Amino acid sequence: MDFKRNYEYLLSDLSSLKGVGIKTANLLKKKKINSIFDLLWKLPKSYTDRSMSTKIKDLKIDETQTINIIPQKYSFPRVKNLPNRVLCTDETGEIDCVFFNSYEGYIKKILPIGKEVTISGKIKYFRNKYQLTNPKYISEDSSLIKQKHNNYSLTDGISEKVYNKIMLQIINNLPKIEEWHSKEILKKFDNISWNDAIKKLHQPDNIGKFKENFYQRLAFDEIFSTFLVNSEIRKKIKKFKKIKKKFDTKRQNEIISKLNFSLTNDQNKALYEINRDLCSETKMFRLLQGDVGSGKTIVSLLSAFNTIISGFQVAMMAPTEILARQHFLLAKQIFSKNIRLELLSGKLSLKDKKDILTKLLNKKIDLIFGTHALFQKKVEFKNLGLVIIDEQHKFGVNQRKKLSDKAGKNCDVLLMTATPIPRTLTMTIYGDMDLSIIREKPNIRKKIKTYSKLENKINDVIKFVKKEIELDNQIFWVCPLIDESKKIDHTSAVKKFKYLEKLFPNQVFLLHGKTNIEEKEIILNKFLKKDFKILVSTTIIEVGIDFPNANVIIIENANKFGLSQLHQLRGRVGRGSKESSCILMFKSNLSDNAKKRINILKDTNDGFKISEEDMKIRGFGDILGFKQSGIKTFKLADPIHNQNLFILAEKEIKRIEEKKEKINRFKPLIKLYDRADIINDIA
Ligand code: ADP
Ligand code: MG
């Protein structure tokens with residue numbers, strides 16, 4: 001088969017294009033454009049209309065215009081710094097084409113004396129004459145010039161003209177691809193084929209036409225391919241039959257009755273969903289999503305308990321040791337002595353560690369807590385029945401898949417994340433998992449009062465802090481995120497620390513990017529034990545840790561953070577029963593737009609709502625570091641504006657799943673659009 005007629009042509013290297021040498025290919029690679037397919041999503045930002053031609057007498061200075069001219073006379077001065085010139089005319093006047101650094105031979109070729117040539121460019125007027133310097137758009141074939149030329153936002157070192165040429169070449173060589181969508185789906189997009197849609201996408205007149213069928217179809221392809229891969233992963237996980245867990249929830253309810261609070265409805269519902277999964281014969285792969293402080297830990301511990309009383313072991317992993325320890329201590333508190341708990345800490349002696357490993361293998365431990373160290377090869381279980389992973393929102397789909405594979409045949413998997421995100425995004429990012437959501441927060445929580453303050457009012461803030469300290473409360477002081485440079489952030493944190501240390505001697509500790517892990521844990525533990533009052537830190541304080549006595553958080557340069565990030569930071573306080581406050585500090589008066597944003601934060605404590613607003617403002621790739629997680633961002637689709645497409649894609653996936661349709665016809669779609677490494681063992 002002709003290679004060019006197959007979709008694989010689109011995946012081939014850029015250097016297979018005419019006019020793209022190593023140099024250009026490398027420039028593009030720097031922009032993460034590695035294949036022809038990648039180039040398709042580099043869209044024109046605007047166009048220059050060169051389709052109308054004018055006469056020389058009607059030329060307008062400083063505007064881009066197109067004229068038909070006849071070269072009359074060359075003037076090649078052969079003196080350094082003096083340009084070559086070609087005098088050209090039409091029946092109404094004269095114009096000079098001026099060339100710096102162009103060879104005579106080249107000039108003679110593109111502007112042959114006596115032949116009509118079409119040129120286009122920005123016209124200047126110099127010494128009583130029109131002139132066009134270094135014209136790029138010249139051709140004897142006027143149709144090549146007289147059209148709308150796309151302007152791409154250029155990669156350094158590649159000119160518009162080269163770009164247009166490359167794109168034209170690709171568009172003209174698009175392989176015919178067999179339709180992958182069903183007739184019903186295609187109808188929704190007026191039956192436009194993928195090829196035609198791509199062609200339309202690059203037509204100058206279509207720039208910015210997001211609502212048209214070609215754009216919608218292509219956005220849908222993108223969403224659909226992601227969902228399809230998720231669905232395939234899910235199917236694979238569900239294929240495994242496991243031993244059902246058997247337990248009586250009476251015992252779980254006994255534990256609940258001894259808590260000093262009752263579970264919220266959402267907690268109960270999540271627990272019910274998890275228990276149902278534990279008891280089913282298919283493997284659980286579930287995400288427990290709930291805002292900071294919504295009480296996920298207790299739900300996960302109860303499901304751990306149920307797993308244990310049905311005769312299995314459980315591993316619970318947290319991102320930091322201090323959080324693992326906190327979970328461990330909580331479990332110790334609520335479970336009876338019959339449940340054998342351990343913490344696999346980095347601080348243990350070699351002997352103690354070995355001891356734990358042996359016990360795990362002999363099933364002398366029921367529930368183990370730890371960091372990612374729990375996933376080392378040498379950590380082996382007798383019969384692991386459930387893995388719980390806390391605060392995993394930075395795991396990409398790849399890592400999750402590996403985890404599920406690794407967890408073993410009878411092992412259910414529960415992931416937890418405190419990153420509320422809009423539903424369209426959840427479908428995208430976590431579509432391979434089942435989902436339980438805790439939306440409602442324990443109602444004993446008092447609202448966190450949120451204030452904004454100008455930086456020059458810092459004395460008011462200090463007064464406030466003094467009062468809080470007198471009440472024996474603790475304070476988080478988050479230092480300005482100045483820019484991407486960690487060094488400047490660091491200096492400013494140290495400065496703020498010194499400033500506060502003077503005001504509150506022996507009451508202030510500092511955490512920054514350079515504090516090593518051990519030291520960090522020591523400081524956090526001290527803070528937890530109320531050994532000091534103010535914790536100064538740069539940006540993110542460890543997620544998940546409960547500091548019930550901290551009830552004030554001060555965030556400097558708050559405008560540098562996104563809403564979701566501010567919400568997460570704010571969630572560090574207000575976990576106990578005290579009134580708490582969050583003070584957002586700003587360098588200068590807020591713009592109306594910024595005020596609007598901050599008001600959202602003041603008005604609501606619903607992380608889902610906040611993240612939706614945040615996404616509207618900043619785009620979804622940016623929220624909460626999802627970019628770093630390797631989660632691919634869409635090129636065309638937009639989780640806010642294309643909600644209907646996300647829902648349509650979800651429906652179509654369900655239909656395919658229910659009908660058990662073969663997915664062979666989607667192979668090109670998946671190969672083109674998706675994460676090849678995952679798909680290898682699928683398609
Ligand atoms: P997160 O969902 O952020 O992990 P945690 O599980 O750490 O939240 O819970 C935060 C705090 O709320 C803990 O101190 C926990 O004991 C408490 N908590 C959990 N559920 C409830 C509830 N239903 N009512 C009151 N407090 C609760
Ligand atoms: Mg938590």
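Residues numbered from 1 in each chain as written. Chains lettered and ligands numbered in written order. Predicted model: local features only at pLDDT ≥ 70, side-chain atom pairs only at ≥ 80, totals over all residues. Heavy atoms only, no water.

### Focus on the overall build of the protein chain
At step 1: A tally of regular secondary structure across the protein chain gives 24 helices and 23 strands.
At step 2: Projecting the C-alpha coordinates of the protein chain onto the three principal axes gives extents of approximately 100 × 65 × 45 Å.
At step 3: Taking all 683 residues of the protein chain together, 53% fall into the buried category.
At step 4: Treating the 127 positive side-chain charges of the protein chain as one cloud and the 81 negative ones as another, the clouds have centres 2 Å apart. (Helix = DSSP H or I, 4+ residues; strand = E, 2+ residues; numbered from the N terminus. Buried < 20%, exposed > 50% of the residue type's maximum accessible area, 1.4 Å probe, protein only. Lys, Arg positive; Asp, Glu negative; His and termini not counted. Charge placed at Lys NZ, Arg CZ, Asp CG, Glu CD.)

### Description of the domain arrangement of the protein chain
At step 1: Domain boundaries in the protein chain define domain 1 (1–46 + 163–176), domain 2 (51–146), domain 3 (249–438) and domain 4 (448–604).
At step 2: Inter-centroid distance (C-alpha atoms) of domain 1 to domain 4 is 48 Å. (Domains from an automatic or database assignment.)

### Some remarks on the packing of aromatic side chains
How two aromatic rings sit relative to each other is set out by the distance from centre to centre and by the angle between their planes.
At step 1: A complete count under the given rule lists 22 aromatic pairs for this structure.
At step 2: The interplanar angle of 70 degrees and the centroid separation of 5.5 Å between the aromatic rings of F37 and W41 together place this pair among those described as edge-to-face. For the pair shown, F37 and W41 are each scored as buried.
At step 3: Look at F527 and F532: their rings are 5.1 Å apart centre to centre, the planes differ by 35 degrees, and that puts the pair in the tilted class.
At step 4: A relative accessible area of 0% places F532 in the buried class.
At step 5: Among the aromatic residues, ring-to-ring pairing joins F37, W41, W180, W194 and Y673 into one connected group.
At step 6: Residue placement shows R50 over the ring face of Y137; its charged tip is 3.8 Å from the ring centre.
At step 7: Looking at K245, its charged tip hangs above the ring of F312, at a distance of 4.9 Å from the centre. (Phe/Tyr/Trp six-rings, centres within 6.5 Å; stacked < 30°, edge-to-face > 60°. Lys NZ or Arg CZ within 6 Å of the ring centre and 35° of its normal.)

### Quick notes on the site of ligand 1
At step 1: Surveying the vicinity of ligand 1 reveals 17 residues, the closest of which are G293, K296, T297, R445 and D546.
At step 2: Between ligand 1 and the protein, one listed contact pairs an oxygen atom with a backbone N or O atom of G293 at 2.6 Å.
At step 3: Computed on the free molecule, ligand 1 has an accessible area of 570 Å², of which 87% lies beneath the protein chains in the complex.
At step 4: For the shell around ligand 1, the per-class residue count stands at five nonpolar, seven polar and five charged. (Near = heavy atom within 4 Å. Polar contact = N/O pair within 3.5 Å; in protein donor to acceptor, adjacent residues only side chain to side chain. Areas by Shrake-Rupley, 256 points an atom, 1.4 Å probe, with all protein chains shown as cover. Nonpolar A, V, L, I, M, F, W, Y, C, P; charged D, E, K, R; others polar.)

### Digging into the nonpolar core
At step 1: Ranked by size, the top nonpolar core spans 88 residues in total, and within it L10, L39 and W194 carry the most contacts.
At step 2: Taken together, domain 1 (1–46 + 163–176) and domain 3 (249–438) each give at least three residues to this core, which thus spans both.
At step 3: Excluding anything up to four places from it in sequence, W194 contacts L10, F37, L40, L174, I177, E179, W180, R217, L218, D221 and Y673.
At step 4: F247, V314, I322 and L511 belong to the second-largest nonpolar core, a separate cluster that totals 65 residues. (Core = buried A, V, L, I, M, F, W, Y, C linked by side-chain atoms within 4.5 Å. Contact = heavy atoms within 4.5 Å.)

### Some points on the sheet that holds strand 16 (residues 412–417)
At step 1: One open sheet holds the seven strands; their spatial order is 13-14-12-15-16-11-17, and the pairing between them is parallel. A strand with exactly one partner marks an edge of an open sheet, and here the two such strands are strand 13 (341–344) and strand 17 (434–438). For this sheet, the mean inter-axis angle between neighbouring strands, taken without regard to orientation, is 20 degrees.
At step 2: Of the strand pairs in this sheet, strand 13 and strand 14 (residues 367–370) are connected by four bridges, and their pairing is parallel. Opposite L341, over in strand 14, you have L367 as the bridge partner.
At step 3: Its contacts with the sheet put helix 11 (residues 296–309) on strand 11 (285–290), strand 12 (313–317), strand 14, strand 15 (384–389), strand 16 and strand 17, and the angle it makes with strand 12 is roughly 160 degrees. (Pairing = 2+ DSSP bridges. Axes fitted to C-alpha atoms, helices over the stretch in contact; angles between N-to-C directions.)

### Digging into the pattern of salt bridges
At step 1: All told, the structure shown has 32 salt bridges when counted by the stated rule.
At step 2: Where K124 meets D62, a salt bridge forms, and the shortest distance between an N and an O atom there is 2.7 Å. Of this pair, K124 sits in strand 7 (residues 124–126) while D62 sits in the loop between strand 2 (53–54) and strand 3 (64–75); the two residues are 62 residues apart in sequence, bridging distant segments of the chain.
At step 3: Residue classification places K124 among the partly exposed residues on the basis of a relative accessible area of 38%.
At step 4: For D460, the salt bridge is made with K453, and the minimal N-O distance between the two is 3.4 Å.
At step 5: Overall, D460 belongs to the partly exposed group, its relative accessible area being 33%.
At step 6: Linked by salt bridges that have partners in common, K269, E273, D277 and R286 make up one network. (Salt bridge = Lys/Arg side-chain N within 4 Å of Asp/Glu carboxyl O.)

### Comments concerning the pairing of strand 20 (residues 508–511)
At step 1: Relative to strand 21 (residues 534–538), strand 20 runs parallel, the two sharing four bridges. What sits directly across from V508, in strand 21, is I534.
At step 2: Between the parallel pair strand 20 and strand 21, the chain is carried across by helix 18 (residues 517–528), and the sense of this crossover is right-handed. (Right-handed = clockwise from strand over helix to strand, strands pointing away.)

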